[in-house]
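Results of the structural survey
Listed here are the chains, written in short residue letters.
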Amino acid sequence: MKIEKNENQDYIIRATAANQQIRAFAATTRNMVEEARSRHDTSPVVTAALGRLLTAGAMMGSMMKGEKDLLTLQIHGSGPMKGMTVTADSRANVKGYPYEPVVMLPANDKGKLDVAGAVGIGVLNVIRDMGMKEPYNGQTVLQTSEIAEDLTYYFATSEQIPSSVGLGVLMERDNTVKQAGGFIIQLMPYVEEEVIMALEKKLADMHSVTALLEEGKTPEMILRYLLDDLDDHGIEVLDTIPTAFYCNCDKKRVEKAIISIGKKDIKEMIEDGKDIEVKCHFCNTAYSFTVEELQEILKQAKSK
Ligand code: ZN
């Protein structure tokens, strides 16, 4: 699919390189991460952590094939942010929320937002629901809690795919999102040793993803920079996939959630005699229900 590339459209590039010994994804996600920031009103370190996981979710979502496939990335950590949940579908619609939106921490020893400090020690859960009986579930222990390295470790141990993951979020002075993006590079089982060595050298020499984006590099330029001269074949760009923050909630879904809490609790809400407001976790949209609406909902609820 070809799309118009403008500043307001986030997208992912899918490519292969070195005669298909490598598959790669790169994304620019500034708008998605800014949308998440404004919806959840996150502090900078939380914006960075959530933005990195949203960016990874977008690329990993687009690796899935089925229309209804759903990817969930969950991090639970001991840090003040406590963790976050991100979901993505195969069309790279992504949504997510932090468990604690406002965390203030001093910069780390590199002068950067201390994502590892905000997340703390913990685990990463990757759940892929592909419409089978049992969803695939891979859990790994967080290695650095900086997100990219944790996903690299996940791919290596849970999926046995040697990978390199780069993720970055850069803030404006006013704490809105200036740049966000990332890449995932994966080695196929038959990759030659020379290609691996050439790639490792490239990765060691590169600046951060956000530095490349700040230089004006697009996702395809980032992949060309990393992969085009590993061997004589160069890279082949396969696809451009639009991606965005998107939540599919509506009042009907929220109603179902209220029904599921059971008769007793709904009765208590009705007895309070006030309208209630329920917010969607993922996008923070508020839905209000009148007492009359709650009485209708009560009829559909079961006693618990
Ligand atoms: Zn929502």
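Fair warning: this is a prediction, and the values are worked out from it, not measured in the lab.

1. A few points about the domain arrangement of the protein
- Assigned domains within the protein: domain 1 (11-245) and domain 2 (251-300).
- On a C-alpha basis, the centres of domain 1 and domain 2 stand 36 Å from each other.
- Contacts between the two partners involve eight residues from domain 1, matched on the other side by five residues from domain 2.
- Our count for the contact surface shared by domain 1 and domain 2 stands at zero salt bridges.

2. Comments concerning the nonpolar core
- If you look at the biggest cluster of nonpolar residues, it comprises 69 residues, and the most contacted ones within it are Met-60, Met-84, Val-119 and Ile-147.
- Among the elements that make up this core, the one with the highest residue count is helix 2 (residues 44-61) (11 residues).
- Residue assignment places this core across two domains, with domain 1 (11-245) and domain 2 (251-300) each supplying three or more.
- Residues in contact with Met-60, not counting those within four places in the same chain, are Leu-71, Leu-73, Val-126, Arg-128, Leu-151, Tyr-154, Phe-155 and Ile-184.

3. Looking at helix 5 (residues 193-205)
- Across its 13 residues, helix 5 extends 19 Å between first and last C-alpha, which sits within 8% of the 18 Å expected from 1.5 Å per residue.
- Inspection of helix 5 places Val-195, Ile-196 and Leu-199 among the buried residues, and these make up the whole buried set. Looking straight down helix 5, one finds that the buried residues subtend no more than 95° of arc, so they occupy a single side. Along helix 5, exposed side chains directed more than 90 degrees from the buried face belong to Glu-194, Met-197, Lys-201 and Ala-204.
- As for helix 5, its buried residues are in contact with strand 2 (22-28), strand 9 (177-187) and helix 7 (219-227).

4. A look at the coordination of the zinc ion
- Around the zinc ion, the protein contributes the donor atoms Cys-247 (SG), Cys-249 (SG), Cys-280 (SG) and Cys-283 (SG), which lie 2.2 to 2.3 Å from the metal centre.
- The coordination sphere of the zinc ion comprises four donor atoms, whose angles at the metal cover 101 to 114°; the geometry is tetrahedral.
- On the basis of relative accessibility, which here comes to 10%, the residue Cys-280 falls in the buried class.

5. Structural notes on a negative patch on the surface
- Together, Glu-192, Glu-193, Glu-194 and Glu-200 make up a negatively charged patch on the protein surface.
- Secondary-structure assignment places Glu-194 in helix 5.
- Given a relative accessible area of 55%, Glu-194 falls into the exposed group.

6. Brief notes about the environment of Met-59
- Relative to the assigned elements, Met-59 resides in helix 2.
- Sequence-wise, Met-59 and Arg-91 are 32 residues apart; in three dimensions their C-alpha atoms are separated by 9.7 Å.
- Leave out the neighbours within four places in its chain, and Met-59 touches Ile-12, Phe-25, Ala-26, Ala-27, Leu-167, Gly-182, Phe-183 and Ile-184.

7. What about the pattern of salt bridges?
- Tallying each qualifying case throughout the model produces 14 salt bridges.
- Note that Arg-37 is salt-bridged to Glu-34, the shortest N-O span being 2.8 Å. You can see Arg-37 and its partner Glu-34 sitting in helix 1 (residues 30-40), three residues apart, about one turn around the helix. Of the two residues, Arg-37 and Glu-34, neither departs from the other in class, the shared state being buried.
- Two residues, Glu-215 and Lys-217, come together in a salt bridge whose shortest N-O distance is 3.0 Å.

Basis of the calculations
All residue numbers here refer to positions counted from 1 along the written sequence of the relevant chain. Totals for whole chains, interfaces and linings use all residues, but because this is a predicted model, local features are given only for residues with pLDDT of at least 70 and pairs of side-chain atoms are given and counted only at 80 or more. To obtain the side-chain values, all non-hydrogen atoms of the structure were included, while hydrogens and water were left out. Where each domain begins and ends follows an automated or database-derived domain assignment. Any two residues having at least one pair of non-hydrogen atoms within 4.5 Å are treated as being in contact. Every case where a carboxyl oxygen of Asp or Glu lies within 4 Å of a side-chain nitrogen of Lys or Arg is listed as a salt bridge. Think of a nonpolar core as a cluster: buried Ala, Val, Leu, Ile, Met, Phe, Trp, Tyr and Cys residues, connected wherever their side-chain atoms sit within 4.5 Å. Any residue under 20% of the maximum accessible area for its type is buried, any over 50% is exposed, and the rest in between are partly exposed; the area is computed with a 1.4 Å probe on protein chains only. Helix and strand labels come from DSSP, where a helix needs a run of H or I of at least four residues and a strand needs a run of E of at least two; each type is numbered from the N terminus. Expected helix span is taken as 1.5 Å per residue step, with the number of steps being one fewer than the number of residues. Note that the arc is defined by the directions from the helix axis to the C-beta atoms. Note: metal donors comprise N, O and S atoms at 2.8 Å or less from the metal (3.2 Å for Na, K and Ca); water molecules are not included, so apparent gaps in a site are possible. A four-donor site is called tetrahedral if each angle lies between 85 and 135 degrees; a four-donor site is square planar, and a six-donor site octahedral, when trans pairs exceed 155 degrees and the remaining angles lie between 65 and 115; all other cases are labelled irregular. Residues forming no salt bridge and having over 30% relative accessible area are the ones grouped into patches, like charges within 9 Å of each other and nonpolar side chains (Val, Leu, Ile, Met, Phe, Trp, Tyr) within 5 Å. Throughout, the Shrake-Rupley method with a 1.4 Å probe supplies accessible areas, and for residues the shown protein chains are the sole cover considered. Only four residue types enter the charge count: Lys and Arg as positive, Asp and Glu as negative, with His and the chain ends excluded. We put the charge of a Lys on NZ, of an Arg on CZ, of an Asp on CG and of a Glu on CD.

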